[in-house]
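So you can see what is in the structure, the chains are spelled out below.
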Amino acid sequence: MRNLTTYIILGLTLTFLIGPFIIIIFAGASAGEALAFPPDGLSLKWYLKVFTIESFRDSFLLSMFLAIFGTVTALLLGVPAAYALNRYDLPGAETIRTIVAAPIIVPGIIVGLALLRYLVVPLDFTVTMALFMAHTALVLPYAVRVVSSSLNNLRADMEEAAVLLGCTRMQAFTKVVLPNIRGGVLAAFILGFVTSFNQVPVSLFLSGPGVKTLPIDMLAYMEITYDPSVAALSALLAFMSLTIVFVAERLLGFSRYV
Amino acid sequence: MFFNTREGLALALPAAFFALLLFILPVGILLSEAFQSDTGWTLQGYFDFFAKPLNRTVFLRTLKLGVLVAGTAAVIGYAAAFCIVNLSASARGRVFGLVVLPLMISPVARTYAWIVILGRTGIVNDTIVGLGLSDTPIRLLFTETAVFLGLLQLFMPLMIISLVSAMENIPRDVIPAARVLGANWLQVFFKVILPLTKEGLVVGGTLVFTGALTAYITPAILGGSKVLMLETLLYQRVNVSNDFVSASVIAMILIVMSFTANLLLKRIATARK
Amino acid sequence: MSDKFVRLSDLTLSYGKTVAVPNLDLDIVEGELIALLGPSGCGKTTTMRAIAGLLTPASGTIEIDGKDVTRLAANKRGIGLVFQSYALFPHLSAFENVAFGLRLQRMPEAEVRSRTQAGIATVGLTGFETRKPAEMSGGQQQRVALARSLVMDPKVLLLDEPLSNLDARLRLEMRSELQRVQKDTGVTMVFVTHDQSEALAMADRIVLMKDGKIEQLGTPSQLYAEPATAFAAEFMGFENIFRVEGENLVSDAGQLPLGFTAKAPMLAWRPGGVQVGHGPFSGRVLASNFAGAHREYVLDSQIGQIKADAPIETVEVPLGHNIEFDLPQSTARPLAA
């Protein structure tokens, strides 16, 4: 009897959480002209149309660029930081940790606005540059946290053993530490990538003519047209995110690091 | 453990400086604008802000929805988490994956679906009109309910994840022990499960509350300018009115609320160690 | 005194599609201390959980004190259960743990206090009331778990492997403790264990289980001296178990001529029942262990390995050398398959 209750509770909860996503997939597959569910007939025309809209193509590329390079930069900064925080007894370690974790606490929209007013306007940073910094800053906390957790699971005496066997510190790092936190780094990359790609508030103020991240572009499009292409695009993006995460889970057991 | 402090700092500081210069500083300056006026530091900005009824409404509404979403997420979350924890190992993995799945999808996509569901020609209205419960479609979009639903769907996975993790830490036979001692399920929940998962509830609650407070897309799409929340108000103030003082005030309020919630989180998390 | 105080009739218990216990029949006498004994997976814990109400039977009935409780929820059966992990509430003190069940019944505070205090005294933990489980040793935790169940005045007290988490010394202490409590309160006690020496020492009757079925039911001396099957014999410490074929004792490794006629299909000898030093058979010493009161030999013989105990006074025979031995009729235990 308890099993029935379980089915009902979980069934309703999952429907609530995932139902909308399913709806989007089908709404985007409508053969009709307007956004509706159930769709009037099924067709892939809106899915195909998405690829023809030029501004979507441009903003997709921008979002990709930001996600990839922003995350890589965040890792380049974050991995050494995580390593230092974990393996050294640093003065002010707590402060450093807080500073690096701060971007998560501050609402994105504020970050975007602040960067716009104090970096873009006065210092003449390009909007793209500001976006890049903002996205890097956003991913940094995730990079540090995930890699830290990976490092925590790696015992420190491994490096000491390597050094005793003749390695320099750098060699010990590359031969012993890096291979073992590879999973964590990869997980951080994927988490960062997805976070950056889907990010909206930060990019709100930092978008300008010709410089829009994909989510912002979608929002703008939505305000003008009410056709199913946004639904189709949303579905496609969702598939992309999911595929990435799914592959990551298969390859690494991603969930261990999050 | 290495003791070469200089080396360590050299590794950690680039990240710290990056965050400091490109993030904390600009944000800090922005926030300080909330205190500025021609005569120096003052709280006048705040008084002016709260003087306007619209602003007060928005502030209270944001707070209210934050609490409601967190509360509802907690209730549903506990039920779902309890079910998940009692599933077989393979089923648990799959269901958990499904719960986490929405988190990986862009908030734009997740919110957009509600338009399809709640719109004039959406599913809900079609059903209502079809069943004859009303002659014309009801306005469901651009209401607080719509924003509530959108936010709930967005953040519930966080609560569920947090609670499942907390429940997994309940020692194995404690719940059956309480049952055998005579407790009905309500008593088991309040006397055993709740006290032992307190931390998870706080973590989840804080995440959901902060998330709901600082959400932009969902209130923007589902609430529009009829149901303004603090973040959408901020956007309006900047883009429409160029009112940077108000924007800074709002930013400050958001940060204070966010920060307090996070502090609470850390306190609770470290208190039990 | 009901001798069908707990009745399990045609009870079938399963987990999903796997049947763990098929068609079990068992009557438990009021006030007895009975052990469910067997290797892991034999169904003893499953049966215990079913009695407690934590598992719904697929078919069959459970009656306690004349009442059919088969479909009754676990919190209404009036049964006590001491879990192997103790399952103490980590957020409550020892006192509050013991008082938990009493508080659920909404009795007056004064009565809760006095009964709890008495319960704590019964298990010898007076003075530990304010300690949390994390601040207590394993043995103390177990006593709290015991008190928690006892104060409820249960009809039946179930214990899941009560002694396996304790070190040797504590084990002996708790053993007598449990027996004392049982004598003083007269509660019907059912405990589950995989340790035959525990069952032998504590129980009035032993239910030996295998693959969800009762292999043998009897008093400790019955099970010890007269195991009925090869499984029972092996479980109760018989080491040398062989088939009988005509005039010979046979195993997969070889055979030995029997000096007497056997009426059963199998015969078994305890290591102590093997005659060491002289006899018609000979074996090479593979291992020799000092065990205090006797010496344990493992011999390699025509019929395979023989485990034999020799009195400590006899001279030790070194590894690789031969010893004479006999498998006498006087100490042979006949077994049905």
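As the structure is a prediction and not an experimental result, all values here were calculated from the model.

(A) Representation of the overall build of chain C in the model. Counting secondary structure elements, chain C contains eight helices and 19 strands. The C-alpha extent of chain C, read off along each of the three principal axes, is 75 × 45 × 35 Å. Counting the 337 residues in chain C, one finds 51% classified as buried. Contacts spanning at least 24 positions in sequence make up 64% of the contacts within chain C whose residues lie at least 6 apart. Summed over all atoms, the accessible surface of chain C reaches about 15100 Å², with 50% contributed by carbon and sulfur. The distance from the centre of the 33 positive side-chain charges to the centre of the 39 negative ones in chain C is 8 Å.

(B) Representation of the overall build of chain B in the model. The secondary structure content of chain B amounts to 13 helices and zero strands. When the helices and strands of chain B are placed in sequence order, the string is α-α-α-α-α-α-α-α-α-α-α-α-α. Each principal axis of the C-alpha distribution contributes one length, and for chain B these read about 75 × 70 × 30 Å. Within chain B, the fraction of its 273 residues that count as buried is 52%. Considering only intrachain contacts with a sequence separation of at least 6, the fraction spanning at least 24 residues in chain B is 71%. As displayed, chain B has an accessible area near 12100 Å², and 67% of this comes from carbon and sulfur atoms.

(C) Structural context of empty space enclosed by the protein. Under the counting rule described, the total for this entry stands at two cavities of 30 Å³ or more. Each pocket or cavity is described by its volume, and for the largest cavity that value is around 70 Å³. Mapped onto the lining of the largest cavity, the elements with two or more residues apiece are helix 1 (2–27) of chain A together with helix 5 (107–118) of chain B. Of the residues in the lining of the largest cavity, the class split is nine nonpolar, one polar and one charged.

(D) Local environment of the sheet that holds strand 11 (residues 240–245) of chain C. All names here are of chain C. In spatial order, the strands read 13-12-11-14-19; together these five strands make up an open sheet with antiparallel pairing. In this open sheet, the two strands that pair with only one neighbour each are strand 13 (255–257) and strand 19 (333–335). The average angle at which neighbouring strand axes cross in this sheet is 35°, direction not considered. The sheet contact formed by strand 11 and strand 14 (residues 266–269) spans four bridges and is antiparallel. By the bridge assignment for strand 14, arginine 243 is matched with methionine 266.

(E) The interface of chain B and chain A, seen in detail. In this complex, chain B contributes 78 residues to the contact, which on the side of chain A involves 75 residues. In total, about 6700 Å² of surface goes out of reach between chain B and chain A, with carbon and sulfur atoms giving 82% of it. In this structure, the connection of chain B to chain A is made through zero salt bridges. Among the elements that take part in the side of chain B that touches chain A, helix 1 (residues 5–32) of chain B stands out by supplying 20 residues, more than any other.

(F) Expanded view of the nonpolar core. Counting 263 residues, the largest nonpolar core has Ile110 of chain A, Leu230 and Leu234 of chain B together with Leu158 of chain C as its most contacted members. At 14 residues, helix 3 (residues 53–85) of chain B tops the list of elements feeding residues into this core. Residues from two domains meet in this core; each of domain 1 (1–42) and domain 2 (54–271) of chain B gives at least three. With residues near it in sequence (within four places) discarded, leucine 158 of chain C still touches Met48, Ile51, Ala52, Ile79, Gly80, Leu81, Val82 and Val190 of chain C.

(G) Seen up close, the pattern of salt bridges. Within the structure shown, the criterion is met by 19 salt bridges over all chains. Taking the shortest distance from any N to any O, the salt bridge between glutamate 144 of chain B and lysine 64 of chain B comes out at 2.9 Å. Highlighted residues: glutamate 144 of chain B in helix 7 (residues 144–168) and lysine 64 of chain B in helix 3, separated in sequence by 80 residues. The salt bridge involving glutamate 173 of chain C is made with arginine 143 of chain C; its shortest N-O contact spans 3.8 Å. Of the two residues, glutamate 173 of chain C sits in helix 5 (residues 168–185) while arginine 143 of chain C sits in helix 4 (residues 138–150), which places them 30 residues apart along the sequence. Judged by relative accessible area, glutamate 173 of chain C falls into the partly exposed class, the value being 40%. Residue class for arginine 143 of chain C comes out buried when judged on its relative accessible area of 16%.

(H) Molecular detail of helix 2 (residues 45–52) of chain A. All names here are of chain A. Restricting attention to buried positions, one finds in helix 2 the residues Trp46, Tyr47 and Val50. The buried residues of helix 2 occupy an angular sector of 110° when the element is viewed end-on, so they sit on one face. Away from its buried face, by an angle of more than 90 degrees, helix 2 presents the exposed residues Leu48, Phe51 and Thr52.

(I) The pairing of strand 11 of chain C, seen in detail. Residues and elements named next belong to chain C. In terms of strand pairing, strand 11 meets strand 12 (residues 248–250) through three bridges, oriented antiparallel. By the bridge assignment for strand 12, valine 244 is matched with leucine 249. Count of turn residues in the strand 11/strand 12 antiparallel hairpin: two residues, of which glycine 246 carries a positive phi of about 65°.

(J) Structural view of the side chain of threonine 210 of chain B. Residues and elements named next belong to chain B. Relative to the assigned elements, threonine 210 resides in helix 10 (residues 198–213). With a relative accessible area of 10%, threonine 210 lands in the buried category. Leave out the neighbours within four places in its chain, and threonine 210 touches Ser258, Ala261 and Asn262.

(K) Fine view of the interface of chain C and chain B. Taken together, the contact between chain C and chain B spans 20 residues of the former and 17 residues of the latter. Taken together, the two surfaces of chain C and chain B that pack against each other cover about 1700 Å², and 70% of this comes from carbon and sulfur. Summed over the shared surface of chain C and chain B, the number is four residue pairs in polar contact (both at pLDDT 80 or more). Elements supplying a minimum of two residues to the side of chain C that touches chain B: strand 6 (79–82) and helix 2 (94–104) of chain C. Its residues assigned to classes, the side of chain C that touches chain B comprises 13 nonpolar, five polar and two charged.

(L) Focus on the sheet that holds strand 8 (residues 188–193) of chain C. Residues and elements named next belong to chain C. The strand order across the open sheet formed by six strands is 6-7-8-3-9-10, and the pairing between neighbours is mixed. The open sheet has two free edges, formed respectively by strand 6 and strand 10 (213–218), since each of these has just one partner strand. Ignoring strand direction, the axes of neighbouring strands in this sheet form an average angle of 20°. Across the sheet, helix 4 lies against strand 6 and strand 7 (156–160), angled at about 175° from strand 6, the strand it touches most.

(M) Representation of the domain arrangement of chain B within the structure. All names here are of chain B. Split by domain assignment, chain B resolves into domain 1 (1–42) and domain 2 (54–271). Taking only C-alpha atoms, the centre of domain 1 and the centre of domain 2 are 31 Å apart. Taken together, the contact pairs six residues of domain 1 with seven residues of domain 2. Here domain 1 and domain 2 share an interface that buries about 540 Å² over both sides, 77% of which is from carbon and sulfur atoms. Together, Leu31, Glu33 and Ala34 form the three largest contributors to the area buried by domain 1 at its contact with domain 2, with a combined 71%.

(N) Representation of the packing of aromatic side chains in the model. On inspection of all chains with the given rule, the structure shows 20 aromatic pairs over all chains. Between tyrosine 83 of chain A and tyrosine 88 of chain A the ring centres are 6.3 Å apart and the planes differ by 75°, which places this aromatic pair in the edge-to-face class. Tyrosine 83 of chain A sits in the buried class, given a relative accessible area of 4%. Ring pairs connect the aromatic residues Phe60, Phe189, Phe193 and Phe197 of chain A, which therefore count as one cluster. Lying across the ring of phenylalanine 89 of chain C, arginine 148 of chain C places its NZ or CZ 4.7 Å from the centre. In this structure, arginine 270 of chain C is placed above the aromatic ring of tyrosine 224 of chain C, and the distance from its NZ or CZ to the ring centre is 3.6 Å.

(O) Looking closely at the packing of helix 7 (residues 157–164) of chain A against helix 8 (residues 169–198) of chain A. Residue and element names in this part refer to chain A. Two numbers describe how helix 7 lies on helix 8: the axes approach to 9 Å, and their chain directions differ by 140°. Our classification of the angle between helix 7 and helix 8 gives oblique. Between helix 7 and helix 8 lies a crossing whose hand is right-handed. In contact with Met158, Glu159, Ala162 and Val163 of helix 7, helix 8 contributes Arg169, Ala172, Val176, Val177 and Asn180.

Here is what the cut-offs are and how they apply
- Residues numbered from 1 in each chain as written.
- Chains lettered and ligands numbered in written order.
- Predicted model: local features only at pLDDT ≥ 70, side-chain atom pairs only at ≥ 80, totals over all residues.
- Heavy atoms only, no water.
- Helix = DSSP H or I, 4+ residues; strand = E, 2+ residues; numbered from the N terminus.
- Buried < 20%, exposed > 50% of the residue type's maximum accessible area, 1.4 Å probe, protein only.
- Contact = heavy atoms within 4.5 Å.
- Areas by Shrake-Rupley, 256 points an atom, 1.4 Å probe, with all protein chains shown as cover.
- Lys, Arg positive; Asp, Glu negative; His and termini not counted.
- Charge placed at Lys NZ, Arg CZ, Asp CG, Glu CD.
- 1 Å grid on protein atoms, 1.4 Å probe; cavity = no way out; pocket = protein on both sides within 12 Å on 5 of 7 lines; lining within 4 Å.
- Points joined across faces, edges and corners; volume = space filled by probe spheres on them.
- Nonpolar A, V, L, I, M, F, W, Y, C, P; charged D, E, K, R; others polar.
- Pairing = 2+ DSSP bridges.
- Axes fitted to C-alpha atoms, helices over the stretch in contact; angles between N-to-C directions.
- Buried area = accessible area lost by both parts, 1.4 Å probe.
- Salt bridge = Lys/Arg side-chain N within 4 Å of Asp/Glu carboxyl O.
- Core = buried A, V, L, I, M, F, W, Y, C linked by side-chain atoms within 4.5 Å.
- Domains from an automatic or database assignment.
- Arc of directions from axis to C-beta.
- Polar contact = N/O pair within 3.5 Å; in protein donor to acceptor, adjacent residues only side chain to side chain.
- Phe/Tyr/Trp six-rings, centres within 6.5 Å; stacked < 30°, edge-to-face > 60°.
- Lys NZ or Arg CZ within 6 Å of the ring centre and 35° of its normal.
- Parallel < 35°, antiparallel > 145°, perpendicular 65-115°, else oblique.
- Left-handed = near helix turned anticlockwise from the far one by under 90°.

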